[in-house]
Each structure stands twice: as structure tokens, then as C-alpha cells.
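Here's the letter readout for the chains.
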Amino acid sequence: MSDRKYLYTERAHYMCPNMHFGIVAEIGAEFDANRIIESIGVLKSAHPLMRSLIAEEQGSCRIYYEEQSELEIPVMIKKADDNWQTDYEAISSAGWNVHKEALLKVFAYPSGSGTRVLFITHHLLCDGRGLLQLVQEFADHYADGVEPHPVDEKLMESLDDLPSGSDLGFISKVLIREANKKWRKEGHKVSYDEYLEFERDHDSKQDIKREIKNTDEEELDTLLDLCRENGVSLNDYLVARMMIDEGTDKVVIASDIRNKIKNYKNGALGNYATAFGVVVKKKSSEIIELAKAVDHEVRSIKSKPGKEMLVLSCYFNMDPELLDAIAISTLGSFESKAGRFVGSKMFGYKNRNGHCITNLGRTESSVIREGVFIPPASPANRKAWGVLTINKKMRICSIHSM
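The sections below set out a description of the structure shown in this document. (Residues numbered from 1 in each chain as written. Predicted model: local features only at pLDDT ≥ 70, side-chain atom pairs only at ≥ 80, totals over all residues. Heavy atoms only, no water.)

Let's shift gears to the overall build of the protein chain. Across its full length, the protein chain holds 12 helices and 14 strands. For 402 residues, the compact-globule estimate of 2.2 N^0.38 gives 21 Å, and the C-alpha radius of gyration of the protein chain, at 21 Å, lies within 12% of that figure. Based on the C-alpha atoms only, the size of the protein chain along its principal axes is roughly 60 × 55 × 40 Å. Across the 402 residues in the protein chain, those meeting the buried criterion constitute 56%. The contacts in the protein chain between residues at least 6 apart in sequence include a share of 75% that link residues at least 24 apart. Here the protein chain displays about 17900 Å² of accessible surface, and carbon together with sulfur accounts for 47% of that area. The protein chain carries 53 positive and 61 negative side-chain charges, and their two centres are separated by 7 Å. (Helix = DSSP H or I, 4+ residues; strand = E, 2+ residues; numbered from the N terminus. Rg over C-alpha atoms; globule rule 2.2 N^0.38 Å. Buried < 20%, exposed > 50% of the residue type's maximum accessible area, 1.4 Å probe, protein only. Contact = heavy atoms within 4.5 Å. Areas by Shrake-Rupley, 256 points an atom, 1.4 Å probe, with all protein chains shown as cover. Lys, Arg positive; Asp, Glu negative; His and termini not counted. Charge placed at Lys NZ, Arg CZ, Asp CG, Glu CD.)

Turning our eyes to something else, we now look at the pattern of salt bridges. By the definition in use, this model includes 30 salt bridges. Put simply, Glu38 and Arg35 hold a salt bridge, and the shortest N to O gap is 3.1 Å. Of this pair, Glu38 and Arg35 both sit in helix 1 (residues 33–46), three residues apart, which is roughly one turn of that helix. Several salt bridges converge on common partners, so that one network encompasses Asp127, Arg129, Asp256 and Arg258. (Salt bridge = Lys/Arg side-chain N within 4 Å of Asp/Glu carboxyl O.)

Moving on, we come to the sheet that holds strand 1 (residues 5–6). Sheet architecture is open: three strands sit in the order 1-4-3, paired in antiparallel fashion. Lying at the two open borders of the sheet, with one neighbouring strand each, are strand 1 and strand 3 (52–56). Here strand 1 runs beside strand 4 (residues 63–67); their pairing, made up of two bridges, is antiparallel. What sits directly across from Lys5, in strand 4, is Tyr65. (Pairing = 2+ DSSP bridges.)

On the surface, Glu56, Asp193, Glu194 and Glu197 cluster together into a patch of negative charge. Per-element tally for the negative patch: the top contributor is helix 5 (residues 192–204), with three residues. Position of Glu56 relative to the elements: it lies in strand 3. (Patch = residues over 30% accessible without salt bridge, like charges linked within 9 Å, V, L, I, M, F, W, Y side chains within 5 Å.)

A word on empty space enclosed by the protein. Inspection of the entire model under this criterion finds three cavities of 30 Å³ or more. The computed volume of the largest cavity comes to approximately 60 Å³. Of the residues belonging to the lining of the largest cavity, the class tally is three nonpolar, five polar and two charged. (1 Å grid on protein atoms, 1.4 Å probe; cavity = no way out; pocket = protein on both sides within 12 Å on 5 of 7 lines; lining within 4 Å. Points joined across faces, edges and corners; volume = space filled by probe spheres on them. Nonpolar A, V, L, I, M, F, W, Y, C, P; charged D, E, K, R; others polar.)

A surface patch of nonpolar side chains, amounting to about 500 Å² of accessible area, comprises Phe170, Ile171, Leu175, Phe341 and Met346. For the nonpolar patch, the secondary structure elements donating two or more residues are helix 4 (170–186) and helix 12 (337–346). Among the elements that make up the nonpolar patch, the one with the highest residue count is helix 4 (three residues). Tracing the chain through its elements places Phe341 in helix 12. Look at Phe341 and you get partly exposed, because its relative accessible area is 30%.

What follows covers the nonpolar core. Within the largest apolar cluster, 100 residues are counted, with the highest numbers of intra-cluster contacts made by Tyr14, Ile54, Leu104, Leu118, Phe119, Leu125 and Phe138. The greatest single-element share of this core, amounting to seven residues, is contributed by helix 3 (residues 128–144). Within the second largest apolar cluster, 30 residues are counted, among which are Cys227, Met243, Phe276 and Ile396. (Core = buried A, V, L, I, M, F, W, Y, C linked by side-chain atoms within 4.5 Å.)

Time to look at the side chain of Asn381. Its location among the elements puts Asn381 in strand 13 (residues 381–390). Under the relative-accessibility criterion, Asn381 is labelled buried at 11%. Those residues in contact with Asn381, other than ones at most four positions away along the chain, are Arg352, Gly354, His355, Cys356 and Ser401.

A few words now on the pairing of strand 13. In terms of residue burial, strand 13 counts as a mostly covered element, since nine of its 10 residues are buried. In the sheet, strand 11 (residues 354–363) pairs with strand 13 via eight bridges, with the strands oriented parallel. Across the sheet, Arg362 pairs through a bridge with Thr389, a residue of strand 13. Summarising the sheet, strand 13 and strand 14 (residues 393–401) pair through eight bridges and their orientation is antiparallel. When the bridges of strand 14 are listed, Val387 appears paired with Ile396. Hairpin connection between strand 13 and strand 14: a loop of two residues separates the two successive antiparallel strands, and Asn391 in this loop has a positive phi of roughly 55°.

We now examine the side chain of Arg116. Structurally, Arg116 is set in strand 7 (residues 114–122). One polar contact links Arg116 to Glu26, side chain to side chain, over a distance of 2.5 Å. Beyond its immediate stretch of four places on either side in the chain, Arg116 contacts Val24, Ala25, Glu26, Ala80, Trp84, Phe107, Ala108, Tyr109 and Ser111. (Polar contact = N/O pair within 3.5 Å; in protein donor to acceptor, adjacent residues only side chain to side chain.)

This paragraph deals with the environment of Phe341. For the pair Phe341 and Ala179, spaced 162 residues apart in the sequence, the C-alpha separation amounts to 7.8 Å. Excluding residues that lie within four positions of it along the chain, Phe341 makes contacts with Leu175 and Met346.

Attention now goes to the packing of helix 7 (residues 234–246) against helix 8 (residues 287–302). At a minimum axis separation of 8 Å, helix 7 and helix 8 run at an interaxial angle of 120°. Classified by chirality, the crossing of helix 8 by helix 7 is right-handed. Facing helix 7, whose interface residues are Asp236, Tyr237, Val239, Ala240, Arg241, Met243 and Ile244, helix 8 presents Ile287, Ile288, Leu290, Ala291, Val294, Asp295 and Val298. Residues belonging to the contact of helix 7 with helix 8 are distributed by class as follows: 11 nonpolar, no polar and three charged. (Axes fitted to C-alpha atoms, helices over the stretch in contact; angles between N-to-C directions. Left-handed = near helix turned anticlockwise from the far one by under 90°.)

Have a look at this one:
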């Protein structure tokens, strides 16, 4: 069927553990369980990917989003004193069968005179900015009856959808070509049932610590003034802070590319982000000096599509079934030299010593009082920060894989 939405770059999230993340938000509207369920239904009607499961195409290696006419988004109505972090942890430890479970799960709690919601999504539904948009759409409908604008998602399907010059350089192409050749020579593949068994075992051994740091308006204004005076962004400052705190010279940052790709439709769910490593070799304990070096490096990478889009280009060049085998052959018992090579040398799954920041930026809302972004606990990372600023309240959720 020509109208099927296939997984391309999303394929990297298909058979990889911990590919979920969340946003918890405080909404200034009286708690109403029926209204919450109604608003989730309205969102589902507006977004095809929300009413889809993942299916495998018979007779091929292709995977696609299959719309389900009767799919229910699970909405768990909780008590005011229930702990959202406990609920998030329960979802994290249970695994996520994307063939049978909706790609979004929602918890709702009475909260003083308002409502607290926890949205947990699988990365196959959207990226961080997409989830923030979804929470905003929910809040606007729940509080004020604002209908979301229906949009038919168009996902990235090939290198042609990326900016000109995004394809891999010669050496990277050779490495991936050789990995693809080794994979095909091995002559086997990972079944989804095999992956789910690995995921359950992997999740049962996880030890992930989460902490939230609150920065309110006065402190944030001081920080923003400091950044402006020195010609750096708040994100540059945060990357430098992580480098100093963690004693590392490399931090991977997520980058929104909605305004750089050809087929993004405004308001669509899906993945429209890339990630790249910022490396600053010079040692400095002076945070502004380091932030300036970070700023220089980020500008340099963003000016070269081949560097900014490197990870997406890798996905497009790699055999899809090799992508499926990377996590299980590096972290589990599936035997694949090709998968283990890519997982260890290119994706960092073996050492799990990476550091990552995803900053969803600053937004103002008349209905959302504040929010926390819980980043994915990628198998590549030892420490990750999720940053979200709503109404001048910045929250950093730090996750540490012990």
C-alpha cells in the first residue's frame, strides 16, 4: 500500500530498550477525569500516529505504522498523593510491546486546585518537541476547549528529505557498507519476540536514578543575562556545566531540524530531530570560557549538514535489520559480529559512558503552570539531562544509569 507510513530513521528506536520518555505538567484547570479522557480522544482523532501500532509487512523486512480503528490510549486516573515518578518507573520496568500497546500512556492526578498529567511516549510516536506540543494541545483543549489542528504526518523517508550535503563522508560510508556486508553474510535476523525477551531481561537489571533541579524566575533571569552578556546561549551554558560537573569533554545534544527538512508538516507527530556530539578538548573550570568554546563548536557543526545530520545519514545507509540487531547483540545474547561492532564502536552501547542534553526550550503558557521533561535513558548514556522551561521556571531532570 502506497499510503503506508514506514519506519526509516525511526527504525533505530524499534528494537532498542529505554526508548520512552515523558513530560509531567501542572495544568491550571479543575480536575475532571471524564474531561481528561475526552481530551485524549480529541488528540487521537487529530494525529494518525497516535491511533497506530507497529506492524511488520509480510514477505519483506519493512515495518510500518498501522492505524487501528479501535485503539485506546491508556489513561490511568490516580489519587492526589500518588507519586508520578513511581508510575513512570513502573512503565519503564514493564517493557513496551509496540505491536500491541499504544505508543502513548497517560497518568492524571488531582493537584491542589488544578490537574497534574504525566505523558509517557515511545520514541516511535514523536521526539521531545513533538511530545511538548502534544501536552500543550491537551492542556489547551482540557482547560479551554481549543481543538487541535488535524495533520497527516509525513515522516523522513530518504536522504533526499535532509538538507543538501547531508550524506555520509567516504570513511563513514565504507564502515557502514562493510557492516552491512558482514550482516548479510551472517544470514540471520532478530525476531520481535526475541527482542521482547531480551528487553524484559535488560529492564529487570536497570538501576536508573532520577533527580529534578528547579530554577525559578529570578535565578533564570540572572543566568540569561549572563549568557547574553557573553554571547552564548543557555544551552551552551548547560553543556559547559555538564562538562565541568561530569569531567567530560564530550556531550551529545539533540537538535530540532523541523525548519531544515523538506517534508515536515506543522503540528505533525514523528521524529524530526538529530543529535551530535560537542567536543571541547581544552580544559577549563571557568564556565563562561567553556560555554564560548561550546558555542563555537555548535555553530561549526550546524553549518555543515554532513556533521549535523550524521546520525540520521547513518540510519538511512544502514541495513534496517542490522539496526534491529544492534542493541540485542551488544547488550544481550544474540550473536552478531556486525551488530556488536556497530553497537560498540558507533553507538556507544558497550561502554555506556555517554553524556547527553535534550533541551526543549522556553515557552509561555496560560494553562500550563510548569513542567518537567524526563529524557530517555538511552543504552549509550551514563548521564542525561532533560531541560524544559515553562513560564520562566526551568526544570532539569537528570537521569543517571548506575
